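Residue-level structure breakdown
One-letter residues, chain by chain:
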Amino acid sequence: MFGVPLHSAVAMLMVLLLLCVGTGVQHFLTNKNPERDYTELRLRINSWWWMIGTLFVALLWGTIPAIVFFGFVSFLGLKEFLSIVPTRQSDRYAIFYAYLAIPFQYYWVAKAEYVMFLILIPLYMFLLIPMRLVLAGETKGFIRAAGTIHWGLMLTVFSISHLAYLLVLPVKNSAAGPIGLVIFVIFVTQFNDICQYIWGKNFGKHKIIPKVSPNKTWEGFLGGLATIAVVSSFIAPLLTPLTTLQGLGVGLLLGVAGFIGDVVLSSVKRDLGIKDSSQFIPGHGGVLDRIDSLTFTAPLFFHYLNYLHF
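Worth saying up front: this structure is predicted, and the values here are computed from it rather than measured.

1. Description of a nonpolar patch on the surface
Residues Leu6, Val10, Met14, Leu17, Val21 and Val25 make up a contiguous nonpolar surface patch of roughly 540 Å² in combined accessible area. Within the element layout of this structure, Val25 appears in helix H1 (residues 6-32). Taking relative accessible area as the criterion, Val25 reaches 42% and is therefore assigned partly exposed.

Okay, here's the thing in structure tokens:
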């Protein structure tokens, strides 16, 4: 289908089928219980259609358009991050350099320049940003500004760019291709969130981090972790070069990492006294609210895979 390897094409069709089922369930509930308000559920499902549709179009279009797509996601994420955290007027030039790092980071991705991809933000931007802040001459709040800008870059650009780099790795599963790697990590990450929510909603009794995320429970975390590990062990051999056992391992890794990414952003929002990072995505909040888990799972999956198979 459109030159997409068989397993990746089937995976994309299955995701679209799940969306159709979700849409059908939402319409059924709305008609069966007209007195209840299902507006948020409808908005969330509609937004999923737009998000997944845009991702699939980018992946089907080709490697470069897909890399540009992830670069745009990083831009939106960084913009959102810098709009919710306090910054100083004197930080504007350092912030400009932070935005300028995005096209350079994704250029190295497109060129498959592994070393520059790895060091541009953790090393060069780590050195450049505080130097630019020094030149601004404002010392009050210097440590906070340097840490905020660089951490925002690491979170929204460096971490997310690992998704794009999956597209230029040498193919080790010809039935899935590079697209399979991207579909796998995004699906497992998002499905992990859903599984932990369902387990927690139905069986959750013991709070895990009540001061950060009151709705997170040990039952939800462990139930979701077990579910996603089993699911991952089945689909990893189909979409990646990983074996069943390695798929089980990466499922556990991504389950824990996704949970951490979620609660880390929750801590940021609680610190700032906000519920969502923005209202950019109806029913979901902002871009950061949607990619919070991916900021942790994407780089860990990339290096787990790279260590074992590339």
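Back to the write-up after that little detour.
2. Focus: the nonpolar core
Counting 76 residues, the largest nonpolar core has Phe70, Leu166 and Phe301 as the members making the most contacts within it. Once residues lying within four places of it in the same chain are set aside, the contact partners of Phe70 are Leu55, Tyr106, Ile160, Leu163, Ala164, Leu167, Val182 and Ile186. By size, the runner-up hydrophobic cluster in this structure holds 6 residues, among which are Ile208, Val212, Leu225 and Phe259.

3. Notes on the confidence of the model for the protein chain
Summing up the model confidence of the protein chain, the mean pLDDT is 93 and the portion of residues at 70 or higher is 99%. Confidence scores differ between elements of the protein chain, with helix H2 (residues 39-61) showing the lowest mean pLDDT of 91 and helix H4 (residues 92-110) the highest of 97.

4. Let's talk about the side chain of Thr217
One can find Thr217 in the loop between helix H7 (177-203) and helix H8 (218-239). Judged by relative accessible area, which is 6%, Thr217 ranks as buried. With sequence-adjacent residues up to four places away left out, Thr217 is seen in contact with Gly200, Gly204, Lys205, His206, Lys207 and Ile208.

So, how was this worked out
Residues numbered from 1 in each chain as written. Predicted model: local features only at pLDDT ≥ 70, side-chain atom pairs only at ≥ 80, totals over all residues. Heavy atoms only, no water. Patch = residues over 30% accessible without salt bridge, like charges linked within 9 Å, V, L, I, M, F, W, Y side chains within 5 Å. Areas by Shrake-Rupley, 256 points an atom, 1.4 Å probe, with all protein chains shown as cover. Salt bridge = Lys/Arg side-chain N within 4 Å of Asp/Glu carboxyl O. Helix = DSSP H or I, 4+ residues; strand = E, 2+ residues; numbered from the N terminus. Buried < 20%, exposed > 50% of the residue type's maximum accessible area, 1.4 Å probe, protein only. Core = buried A, V, L, I, M, F, W, Y, C linked by side-chain atoms within 4.5 Å. Contact = heavy atoms within 4.5 Å. pLDDT = per-residue confidence, 0-100.

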